[in-house]
Amino acid sequence: MRILHVVLAFALGLGGCASQDFVIHRLPPETPAADNAAAIARAEALAKDQQEVKSEQPSGEEQAPPLTPADAPSMRTYDPWERFNRFNYRFNARFDEAVFLPVSNAYRRLPSPIRSGVYNFFGNLSEINNLINYTVQGRLGRGVRSLGRFVINSTIGIGGLFDFAAKFHLAKAPTGFGTTLSKWGMHPGPYLVIPILGPSTLREGIGLLSDYGVLYGVNIADLYRGDQSWGLGVADAVDTRANIHFRYYSSGSPFEYDDIRFLYVRRLLLEDEGLHKKIVRKRPSRDVPAGR
Amino acid sequence: MFMPASATLADDQPATVIAAPVAKGPATGLADSSALRATLFGTPPQDIAPMPATVPLVEINVRMPWARPVPAIFWFDGKLRVYFSAQDKPAPLAIVIAGTGGDGNTTFLSTLRGALYGAGYHVLTLPSPTYPGFIVSTSSTGVAGDLMQDGQDLYAAMQRIVAHLPGKVQITDIDVLGYSLGGANAGIVKSLDANEHKLHIHRAVMIEPPVSLFDSVARMDKLFALSIGSGDAGVERLYQKLYAQLANLYRASDRVEIDTNFLLTAAAAVLNTDAEFSAAIALIFRIDLMNMFFAGDLYAKTGVVVDPRHPPKVGEPLERIERILRGKPFAEYFTKVFAPYYLKHRPQSTTESLVAANRLDIIGDALRNDPDYYVQTNSDDLILNKSELAWLESTLGSKIVVYDHGGHLGNLGDRQQIADMLDMLAGRWRGAAQ
């Protein structure tokens, strides 16, 4: 019975708003002064970064030769499940509009120290998964960093609410099983839009399942089993959504699905290039869609 | 300082110049390096005008009573999305219109909203009539880009929205603004209101408007052809080059994720030459154009990329259509969609008259004689040539300010632009030489 109520409320939520001619949604207030101050700080940090990028470049030995334009994958994306994916994309857009956005907009009105506490808390929990994955990727230095972050933030950072490790130059560096699979040589695989979660590929989808499996298996402080796990999952989802600045169909464009797919898979492929610095790649065939 | 970039943007004289006075400003009409750079990277954050700490914001979704049936493929665009920030006391309302392809909450609009709200205005921001969400929900034709038609649709939408604003909002006066194409739209809306008196619009500030829509867009087509090449093959070459450069940069950096910070760093490292700036600007503009082209073709049933008998259904792959549209210049939208549609619906018109009807000349008298129209522009604006800038200067007289630098919108939000804009809106403007 309870499930029926939930389904009914959900259906009303999705369909009910459609009939009104004039609907007002309250959004979190904008903070232009602080945003601009942050942009100035970022511009300064970027200027410094650019120096570093330039000075780092020719570290030579063992590295594969630089990529040339001919090495770029096709502009087409491997998407054999396109109809299914497009269906999911539409579902996600509606779900976002009816459920996710209103909730995360309300959440974003909470004072920012509370929100950053929640954000850091979940980030800290994921360090366990980072540690395991960096280890099996053979990147032990990074694994040690993750361990260091977890220890510092769980103690001085009061159970992960504060990211003190970042102040000790141990910046956040998330990874996951999807990246591990890539390190092991797996291609991204077909594009996949996962209900509620959004753009992914087969490899990244497997990665997500495994990442959750690890958290569930380790079950730190018994957070991931039992009744509280539901609340935790919802809080994690809301926090994640509130930190993604994306609005379905704000482009207004019929090509939005194609554009997001293109950008998502290209980002993944570029990250793969970074993981395989030492491997001389085979030239991609122009006929094979990227990601295959 | 000005380094005319070879022949990046040849200064072609539009065929329809009407008694253009001799140019006196430093306008080159050519794309020089600093203009391209400013256009691409925008106002540096340290030059942005002072902003308020918080600005309240609501999103309003409006269904227009005159809306045409929503095509299945545009199921998400049935309502117009506009954004409103209310003062908690009686205040003037500033209505701001986005530039080509822009939605109701672009970064430019957000900057203007901050400045206007900080100066005590209620602020309502609207998408461009060329934004697909506007074309589907609000346009009475579905074929965007006609100044007068788009102005009428905008004006009707404004009336409906203003009438339905939450009851507590007390409006003492109404002004309209817009940037780029939105600037031209704002001028037209004020001129319509001067006849119909539905909103009693007081002042209009047009920020870097085009003078001739089609000549401005033709310049962007030319930029595309020169910097990217013709058709989709040019886009593919550009993509391959960018991909390789990004991959090499990313490998050289010690980063884990490709995030916004990396992309910003990379953009500055990868885009260095005039040709690269031009390519990026032209591509961004082309992407905006594709939506308008697609929607126009669908509504006008002109069959360029959309088969009128079998319009694409929801969930159908669109990659092929997108690829074709990437290679199509605006000129094709004009000759194959826009002109056929309007020639059919306005039997007395000709191709030439359609072009002429899309110049600011159509409100030239009002711009000249009405003290409440203002223009802000740049001497190196990419979308103007010398004679167009000279026309603006001679028409507006003391009601125009021309900045030396900024390219197109590369100084929107900077201290001087905002201060002058607020002076103009408040009636304090005494001319550029004050």
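Quick caveat, the model's predicted, so the values are computed rather than measured. (Residues numbered from 1 in each chain as written. Chains lettered and ligands numbered in written order. Predicted model: local features only at pLDDT ≥ 70, side-chain atom pairs only at ≥ 80, totals over all residues.)

A look at the interface of chain B and chain A
Piece 1. Contacts between the two partners involve 59 residues from chain B, matched on the other side by 53 residues from chain A.
Piece 2. Elements with a minimum of two residues in the side of chain B that touches chain A: β1 (55-62), α2 (107-118), α3 (132-137), α7 (231-252), α8 (260-270), α9 (274-300) and α10 (319-326) of chain B.
Piece 3. In terms of residue count, the dominant contributor to the side of chain B that touches chain A is α7(B) (13 residues).
Piece 4. In terms of residue class, the side of chain B that touches chain A is made up of 35 nonpolar, 14 polar and 10 charged.
Piece 5. Where strand β1 (residues 22-30) of chain A lies against β1(B), seven bridges are found, and the strand directions are antiparallel. If you follow Val23(A) over to β1(B), its bridge partner there is Asn61(B). (Contact = placed C-beta atoms within 7 Å. Helix = DSSP H or I, 4+ residues; strand = E, 2+ residues; numbered from the N terminus. Nonpolar A, V, L, I, M, F, W, Y, C, P; charged D, E, K, R; others polar. Pairing = 2+ DSSP bridges.)

Considering the nonpolar core
Piece 1. If you look at the biggest cluster of nonpolar residues, it comprises 128 residues, and the most contacted ones within it are Ala94(B), Ile95(B), Val96(B), Val189(B), Val205(B), Ala282(B) and Phe294(B).
Piece 2. If you tally residues by element for this core, the top one is α9(B), at 16 residues.
Piece 3. Here this core spans two domains, since at least three of its residues come from each of domain 1 (33-212 + 357-426) and domain 2 (215-353) of chain B.
Piece 4. Counting 23 residues, the second largest nonpolar core, distinct from the first, contains Tyr191(A), Leu269(A), Leu249(B) and Ala266(B). (Core = buried A, V, L, I, M, F, W, Y, C linked by C-beta atoms within 7 Å. Buried ≥ 20, exposed ≤ 12 C-beta atoms within 10 Å, placed from the backbone. Domains from an automatic or database assignment.)

With respect to the sheet that holds strand β8 (residues 400-403) of chain B
Sheet strands pair via backbone hydrogen bonds, and the direction of the pair is either parallel or antiparallel.
Piece 1. Spatially, the nine strands line up as an open sheet ordered β1(A)-β1(B)-β2(B)-β4(B)-β3(B)-β5(B)-β6(B)-β7(B)-β8(B), and their pairing is mixed. The outermost strands of the open sheet, each flanked by one partner alone, are β1 of chain A together with β8 of chain B. Going across the sheet, the axis of each strand differs from the next one's by a mean of 20°, ignoring polarity.
Piece 2. Sheet topology note: the strand β5 (residues 171-179) of chain B/strand β6 (residues 201-207) of chain B ladder contains five bridges and is parallel. Its bridge partner lying in β6(B), Leu177(B) is registered against Val205(B).
Piece 3. Across the sheet, helix α4 (residues 147-163) of chain B is in contact with β1, β2 (80-85), β3 (91-97) and β4 (122-126) of chain B; its angle to β1(B) comes to roughly 110°.
Piece 4. Sitting on the sheet, helix α5 (residues 181-196) of chain B is in contact with β3, β5, β6 and β7 (373-378) of chain B, with an inclination near 160° to β6(B). (Axes fitted to C-alpha atoms, helices over the stretch in contact; angles between N-to-C directions.)

Structural notes on the packing of helix α9 (residues 256-275) of chain A against α7(B)
Piece 1. The geometry of α9(A) relative to α7(B) is characterised by a closest axis approach of 8 Å and an angle of 45° between their N-to-C directions. One way to sum up the angle between α9(A) and α7(B) is to call them oblique. In the packing of α9(A) onto α7(B), the handedness of the crossing is right-handed. On the side of α9(A), the interface is formed by Leu270(A), Glu273(A) and Gly274(A), while α7(B) contributes Leu246(B), Ala247(B), Tyr250(B) and Arg251(B).
Piece 2. For the contact of α9(A) with α7(B), a count of residues per class yields four nonpolar, one polar and two charged. (Parallel < 35°, antiparallel > 145°, perpendicular 65-115°, else oblique. Left-handed = near helix turned anticlockwise from the far one by under 90°.)

Focus: the domain arrangement of chain B
Residues and elements named next belong to chain B.
Piece 1. Domain boundaries assigned for chain B yield domain 1 (33-212 + 357-426) and domain 2 (215-353).
Piece 2. Taking only C-alpha atoms into account, the centre of domain 1 sits 24 Å from that of domain 2.
Piece 3. Between domain 1 and domain 2, the contact holds 26 residues from the first and 26 residues from the second.
Piece 4. No other element matches helix α1 (residues 33-41), which puts five residues into the side of domain 1 that touches domain 2.
Piece 5. Of the residues assigned to the side of domain 1 that touches domain 2, the class counts are 15 nonpolar, nine polar and two charged.

Some details on α9(B)
All names here are of chain B.
Piece 1. Spanning 27 residues, α9 covers 38 Å between terminal C-alpha atoms, matching the ideal 39 Å at 1.5 Å per step.
Piece 2. Burial analysis of α9 places 22 of its 27 residues in the buried class, the great majority of the element.
Piece 3. Looking at the residues trailing α9, positive phi occurs at Lys-301, about 55°. (Expected span 1.5 Å × (residues − 1).)

Let's talk about the packing of α4(B) against α5(B)
All names here are of chain B.
Piece 1. The geometry of α4 relative to α5 is characterised by a closest axis approach of 9 Å and an angle of 70° between their N-to-C directions. In terms of orientation, α4 and α5 fall into the roughly perpendicular class. Every pair of crossing elements has a handedness; the one defined by α4 and α5 is right-handed. Every residue of α5 that contacts α4 at Leu-147, Met-148, Asp-150, Gly-151, Gln-152, Leu-154, Tyr-155 and Met-158 is listed here: Ala-184, Asn-185, Ile-188, Val-189, Leu-192 and Asp-193.
Piece 2. Counted by class, the contact of α4 with α5 contains nine nonpolar, three polar and two charged residues.

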